[in-house]
Amino acid sequence: MEEKTFSRPAASATVLVGTQFGDEGKGKLVDYLSDKYDIVVRYQGGANAGHTICFDGKTVVLHLIPSGIFNKDCICVIGNGVVIDPNALMEEIQKVEELGYDVKGRLFISHNAHLIMPYHKRLDSLSESSLSGEQKIGTTGRGIGPSYEDKFARHGIRVVDLLSPKVLEEKLRDNIAAKNKLICKVYEKEEIDVDAIIGEYEAFDKEIDPYVTNTQLYLNRQIKAGKTVLLEGAQGCLLDVDHGTYPFVTSSNPTSGGACTGSGVAPNHIGKIIGVCKAYMTRVGNGDFPTELDDEIGEALGRIGCEFGATTGRKRRCGWLDLVALRYSLVISGVTELALTKLDVLDTFEEIKVCTSYMLDGKEIHDFPTEHQTLSRVQPVYKSLKGWMASNSKAKSFDEMHPNAQAYVTFLEEAVGVPVTFISVGPGRDETVFK
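None of the values given here were measured: they were computed from a predicted structure.

Scoring rules and cut-offs
- Residues numbered from 1 in each chain as written.
- Predicted model: local features only at pLDDT ≥ 70, side-chain atom pairs only at ≥ 80, totals over all residues.
- Heavy atoms only, no water.
- Helix = DSSP H or I, 4+ residues; strand = E, 2+ residues; numbered from the N terminus.
- Rg over C-alpha atoms; globule rule 2.2 N^0.38 Å.
- Buried < 20%, exposed > 50% of the residue type's maximum accessible area, 1.4 Å probe, protein only.
- Salt bridge = Lys/Arg side-chain N within 4 Å of Asp/Glu carboxyl O.
- Axes fitted to C-alpha atoms, helices over the stretch in contact; angles between N-to-C directions.
- Left-handed = near helix turned anticlockwise from the far one by under 90°.
- Contact = heavy atoms within 4.5 Å.
- Nonpolar A, V, L, I, M, F, W, Y, C, P; charged D, E, K, R; others polar.

Novice: I'm lost on the overall build of the protein in this one. Help?
Specialist: Regarding its fold elements, the protein presents 12 helices and 20 strands. Against the compact-globule benchmark of 22 Å for 435 residues, the protein has a radius of gyration of 22 Å, which places it among compact chains. Considered along the principal axes of its C-alpha atoms, the protein spans approximately 65 × 60 × 60 Å. When the 435 residues of the protein are sorted by exposure, 55% land in the buried category.

Written as structure tokens, this is what we have:
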């Protein structure tokens, strides 16, 4: 009797994740790779994340639309795991169209994606302002957290609800009545006008309708037809609500597992997982940051790297690369290859440090503790490497890079056990080296 074996379907999807606290430069990589894939999908987060793209002398920041929109042959999808601010989305669509790129027919929005309502933004700001000192999360105030709260409490408003004005009105009246009690009695602020919101969102239905589809079925049918998909995460692994530095995290799952739940693409379709890692490290908002540099070196990293939040404009905290945190991110997301970004920011440093382990209560540890009570007490152990004091922006191959820059990349590969295949040596599309 012939032995039967199970065959694995050909992998058609790639996941791209941030391996730090976000802001790793994912937008440039997605923009660069978009001509290699048929479809780019944003699978989680909301307009609290900004992906910056530099091309043709322009710098563009996207918050909701996938970064592949500037490749005219690429289809872009906003998945069911994203929470959508309608005003932000329509402004972004208009901005892309003004740059000369068609959006209709190329952008699809999941009918199951949840909407961010005005009361979500209001509650986000009120909740954050009621906290003090270290209790503050550092939220962007964009309503992301409260929208996800309603989603998991099963009170959320989804894109599909816009298709039924009666259902939409009933849900909004129930939700706003509950939110107004909280706003008035707990925060002692003026209540929200329900009728104004109903009218606003009924009008939004007409604008968003051309883009709405069942993206879960669409993506799987496209994969079955032989199309390739790039799944784009926002934020970074260390901000994952389940696996990050809780409670100083985002409200969704930027890790690779979130790509499946946030898009409807099953794990057996995923072939490789690209982790994006900045050559140093930054963090926006509050939360532990073991390698943070509160000195002239940290100031220099921020100044040279233009480290200001793409969404909020807030100054980012800067520090040396943390390999303890990076190894943790690579494990929980199953990263198969690394993209190293913003290497050019280190071009003027004579000495570059990398954190290889932590000291905790007199003992050296190599595992990343996610809980605040422990992470707040660790001290980084550094290895010093020679800087290269030169630009690599003209390099087109790894061999053309400065030897000390090559040594930095090689050290990183060997320390984490994952190959670096993409190196960004400048902000432009062409300032890229493949290894």
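Novice: How do you make sense of the pattern of salt bridges when you look at a structure like this?
Specialist: Pairing is possible between side chains that carry opposite charge, provided their charged atoms lie close to one another. Tallying each qualifying case throughout the model produces 17 salt bridges. The shortest N-O distance in the salt bridge between Lys-26 and Glu-24 comes to 2.6 Å. Considered together, Lys-26 and Glu-24 belong to a single accessibility category, that of buried residues. The closest approach of N and O atoms between Lys-36 and Asp-35, which form a salt bridge, is 3.0 Å. Its relative accessible area of 52% is what places Asp-35 among the exposed residues.

Novice: Is there a simple way to think about the packing of helix H2 (residues 86-98) against helix H6 (residues 194-208) in this case?
Specialist: Geometry of a packed helix pair, given as the angle between the helix axes and the separation of the axes. Running from N to C, H2 and H6 point in directions that differ by 35 degrees, and their axes come no closer than 11 Å. The handedness of the crossing between H2 and H6 comes out as left-handed. Where H2 approaches H6, its residues Pro-86, Asn-87, Leu-89 and Met-90 are matched on the opposing element by Glu-200, Tyr-201, Phe-204, Glu-207 and Ile-208. Its residues assigned to classes, the contact of H2 with H6 shows six nonpolar, one polar and two charged.

Novice: What am I meant to see in unusual backbone geometry here?
Specialist: Of all residues except glycine, most have a negative phi; of all peptide bonds, most are trans. Looking along the chain, the bond that leaves Tyr-246 and enters Pro-247 is cis, with omega of 10 degrees. Along the chain, the position of Pro-247 falls in the loop between strand E10 (229-232) and helix H8 (256-261). The phi dihedral of Cys-306 falls on the positive side, at around 50 degrees, and the residue is not glycine. Residue placement: Cys-306 occurs in the loop between helix H9 (296-304) and strand E13 (317-319). With relative accessibility at 55%, the residue Cys-306 sits in the exposed group.

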